[in-house]
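Descriptive analysis of the structure
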Amino acid sequence: MSPEDRYAAEVIVRELERRKQRNKIDTFYATPENRAGYPVHMAFFEGGKKFRERLALAANRVGKTEGMGGYETALHLTGRYPDWWPGRRFDKPVNAWIGGDTATTVRDIIQNKILGNTGEYGTGLIPGDLLIDTTNKRGVPDAVENVYVKHVSGGRSVAQLKSYDQGREAWQGTEKHVIWLDEEPPMPIYSESLMRTMTTNGIVLNTYTPMNGMTEVTESFLAVDKPGSKFVCTATWDDVLHLDTATKLELWNSMPIHERDARSKGIPSIGPGKIYPVSLESMLIEPFELPKYWVKGYALDVGWNKTAVLWGALDRDSDTLYLYSEHYQGLAEPAVHASAIKARGEMTGYIDPAAQGGSQADGEKLIQLYRNEGLKLALADNAKEAGIFDVYQRMTTGRLKIFTTLTNLQKELPLYHRDSNGAIVKRNDHLCDCLRYLVRAIPVLTYAGGEKTGHYDYTHSGVQYRTSRPNRRNKGYGD
């Protein structure tokens, strides 16, 4: 190659590298295989079509700042959406707020991700050719306050970088289309952010690791009876391509034990009050066809805001309870829930004793309403502490298995906890209550049906019972 040709080639290589650096966003999710490797990220993006408020409870190192919040915000600012984009689209320039906990962390983390290093603006998520201008923030060296971006429609989008330490007053202002909060905000600031998007039908994105536990904002998303405008997902180390086994092990060993759930799974840290400090993974099992001779039953926790039902099958030879189905629905009449229950087969159910009280409709006992629908129900044993102890014993001895399809139970169990006074926190616990009822019903399930070979006396729900012991050689047990 002649010197002239070599020089021309070097110029081309430098130009290609410059363009790549100034179009960093194009390297994200570039292939179908890559997108398939980030299923939670894709679900978070797609949630924007339906939900105004979204929260990614994300583990550390899964790309929550750059690959989730930053990536989507840059798309909205530029209007340059990839063909595969499954989420919300704005066809006009947007006004946006981008927030973090302090002015310093906003500069060092968020600003760096969307703009690039100081002096190299245009090498971040916002393409260099679409970055019009920036203005500096007073009192914070090298910090940017306003970012002006060319929108593909021909107009100009504006993003303002803000921090929570500015106080609630700084978050009062004009209408916004997009607000991205990269660290967990205080509730007053979150409320103000939500208000700014009300008239624009805008969106509020939250991306953070829940190190502060069950705070007011986090709980507003995780509450069982959350409004239909909220979307929440959990991004764990296992939900991303870029963390290999060795890296995950190194990170796991480097962090305090009480922070591991939050930092590796995005599960809010709830401290020493966790009721079942047992690995959920150790209980999960892939669904399989249950033997017909295993006895089945279900537990029912009723309420207007949420009614929960949990089904279990008992392998009496190993004394192992398999939880295989769940029903989780609110704002529905007993007939709706009864229909879902009967669809799973005829068996005895154990209902919350509170169902002996009147219904909201006309004072008729709830238990009778369900019995009128054809359900065979007994009152559950609601001994809370004894029930918790029985459940815990089964968990620690491997005699409780949960089908992986029971997603709502998997959400409740890690959050089931006590307050600082030792009292059970009565939130997000409907299926946890059902679990107690079902485990306390084990004596009934154990001796249900079968050939009469004697009698077994037991007390259940305060009533003395006598039932037949089954012949264990006879596998024709009933439900």
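Refer to the structure printed above.
What you see is a predicted model, and the numbers here were worked out from it, not measured in a lab.

Glancing now at the overall build of the protein chain. When you go through the protein chain residue by residue, the secondary structure sums to 15 helices and 17 strands. Per-residue burial for the protein chain yields a buried fraction of 51% across its 479 residues. Restricting to contacts in the protein chain with at least 6 residues of sequence separation, those with at least 24 account for 64%.

Moving on, we come to the layout of surface pockets. Roughly 350 Å³ of volume is contained in the second largest pocket. Residue lining of the second largest pocket: 17 residues in total, with Val62, Gly63, Glu66, Gly67 and His242 positioned closest to the centre. In terms of residue count, helix 4 (residues 64–78) provides more of the lining of the second largest pocket than any other element does, four residues in total.

Scanning the entire structure with this criterion turns up 23 aromatic pairs. Both rings, one in Tyr29 and one in Phe45, keep their centres 5.9 Å apart while their planes meet at 75°; by these two values the pair is edge-to-face. Within this pair, whereas Tyr29 is found in the loop between helix 1 (3–21) and helix 2 (32–36), its partner Phe45 is found in helix 3 (residues 39–46), the two being separated by 16 residues in sequence. Note on Phe45: relative accessible area 0%, which makes it buried. Centroid distance Tyr298 to Trp311: 5.8 Å. Interplanar angle 40°. Geometry classified as tilted.

Attention now moves to the packing of helix 3 against helix 4. Running from amino to carboxyl end, helix 3 crosses helix 4 at an angle of 35°, the nearest separation of the two axes being 10 Å. When the axes of helix 3 and helix 4 are compared, the crossing they make is right-handed. Mapping the contact onto sequence places Val40, His41, Phe44 and Phe45 in helix 3 and Gly67, Met68, Tyr71 and Glu72 in helix 4. Tallied by class, residues from the contact of helix 3 with helix 4 come to five nonpolar, two polar and one charged.

With that out of the way, let us pick up helix 4. For helix 4, built from 15 residues, the straight-helix expectation of 21 Å at 1.5 Å per residue is met to within 8% by its first-to-last C-alpha distance of 20 Å. At Gly70, helix 4 shows its maximal bend, which comes to roughly 40°. With respect to burial, helix 4 is a largely interior element, 15 of its 15 residues being buried. Directly beyond the C-terminal end of helix 4, a positive phi value near 75° is found at Gly79.

Within the structure shown, the criterion is met by 21 salt bridges. One network of salt bridges, with partners in common, ties together Lys426, Asp429, Asp433 and Arg436.

Within the element layout of this structure, Lys137 appears in the loop between strand 3 (131–136) and strand 4 (144–150). Buried charge Lys137 goes without a salt bridge, the closest partner of opposite sign being Glu145 at 4.3 Å. Polar contacts involving the side chain of Lys137 include one to the main-chain carbonyl oxygen of Leu161, which spans 3.2 Å. With near-sequence residues (within four places) excluded, Lys137 lies in contact with Ala143, Val144, Glu145 and Leu161.

Before going further, it helps to examine the sheet that holds strand 3. The sheet built from eight strands is open, its strands ordered 3-4-5-2-6-7-1-8 with mixed pairing. A single partner strand is all that each edge strand has here, and the edge strands are strand 3 and strand 8 (230–235). Strand-to-strand twist in this sheet, taken as the mean axis angle between neighbours without regard to direction, amounts to 15°. Note that strand 4 and strand 5 (residues 156–163) share five bridges and pair antiparallel. Residue pairing for strand 5: Asn146 is matched across the bridge by Gln160.

On to helix 12 (residues 384–396), then. With 13 residues, helix 12 should cover 18 Å at 1.5 Å per step; its first-to-last C-alpha distance of 18 Å lies within 8% of that length. Along helix 12, the residues that are buried comprise Gly387, Ile388, Val391, Arg394 and Met395. Within helix 12, the buried residues cover an arc of 125° as seen down the axis, which keeps them to one side. Once helix 12 ends, the next one or two residues include Gly398, with phi positive near 75°.

Here is what the cut-offs are and how they apply
Along each chain, the written sequence defines residue order, and numbers are assigned to residues from 1. For a predicted model such as this one, the threshold for reporting local features is a pLDDT of at least 70, and the threshold for listing and counting side-chain atom pairs is 80 or more; totals across whole chains, interfaces and linings nevertheless cover every residue. The basis for every side-chain value is the complete set of non-hydrogen atoms in the structure, without hydrogens or water. Under the DSSP-based scheme used, a helix requires at least four consecutive residues in state H or I and a strand at least two consecutive residues in state E, with every element numbered from the N terminus. Residue exposure (1.4 Å probe, protein chains only): buried if accessible area is under 20% of the type maximum, exposed if over 50%, otherwise partly exposed. Pairs of residues are marked as contacts when any of their non-hydrogen atoms sit within 4.5 Å. Only protein atoms enter the 1 Å grid, on which a cavity is a set of points fitting a 1.4 Å probe that cannot get out and a pocket is an open set with protein on both sides within 12 Å along at least 5 of 7 lines, lining residues being those with an atom within 4 Å of a point. Grid points are joined across faces, edges and corners, and a volume is the space filled by probe spheres set on the points. A pair of aromatic rings is counted whenever rings of Phe, Tyr or Trp (Trp by its six-membered ring) have centres within 6.5 Å, and the orientation is called stacked for planes under 30 degrees apart, edge-to-face for over 60 and tilted otherwise. An axis is simply a line fitted to the C-alpha atoms; with a helix, the fit covers only the stretch in contact. Between two such axes, the angle follows the N-to-C directions and lies from 0 to 180 degrees. Each crossing gets its hand from how the near helix is turned against the far one by less than a right angle, where anticlockwise is left-handed and clockwise is right-handed. For this classification, the nonpolar set comprises Ala, Val, Leu, Ile, Met, Phe, Trp, Tyr, Cys and Pro, the charged set comprises Asp, Glu, Lys and Arg, and every other residue, Gly included, is treated as polar. One less than the residue count of a helix, multiplied by 1.5 Å, gives the span that helix is expected to have. Bend at a residue means the angle formed by two fitted axes: the first through the 7 residues ending at that position, the second through the 7 residues beginning there. The salt bridge criterion pairs a side-chain nitrogen of Lys or Arg with a carboxyl oxygen of Asp or Glu, the two atoms within 4 Å. In this tally, Lys and Arg are treated as positive and Asp and Glu as negative; His is ignored, and so are the chain termini. Within 3.5 Å is the distance limit for a polar contact, defined as a pair of N or O atoms, with the added protein rule that one can donate a hydrogen and the other accept it, and that residues adjacent in sequence qualify only through two side-chain atoms. Strands qualify as paired when DSSP identifies two bridges or more between them. The arc in question is the one traced by the directions running from the helix axis out to the C-beta atoms.

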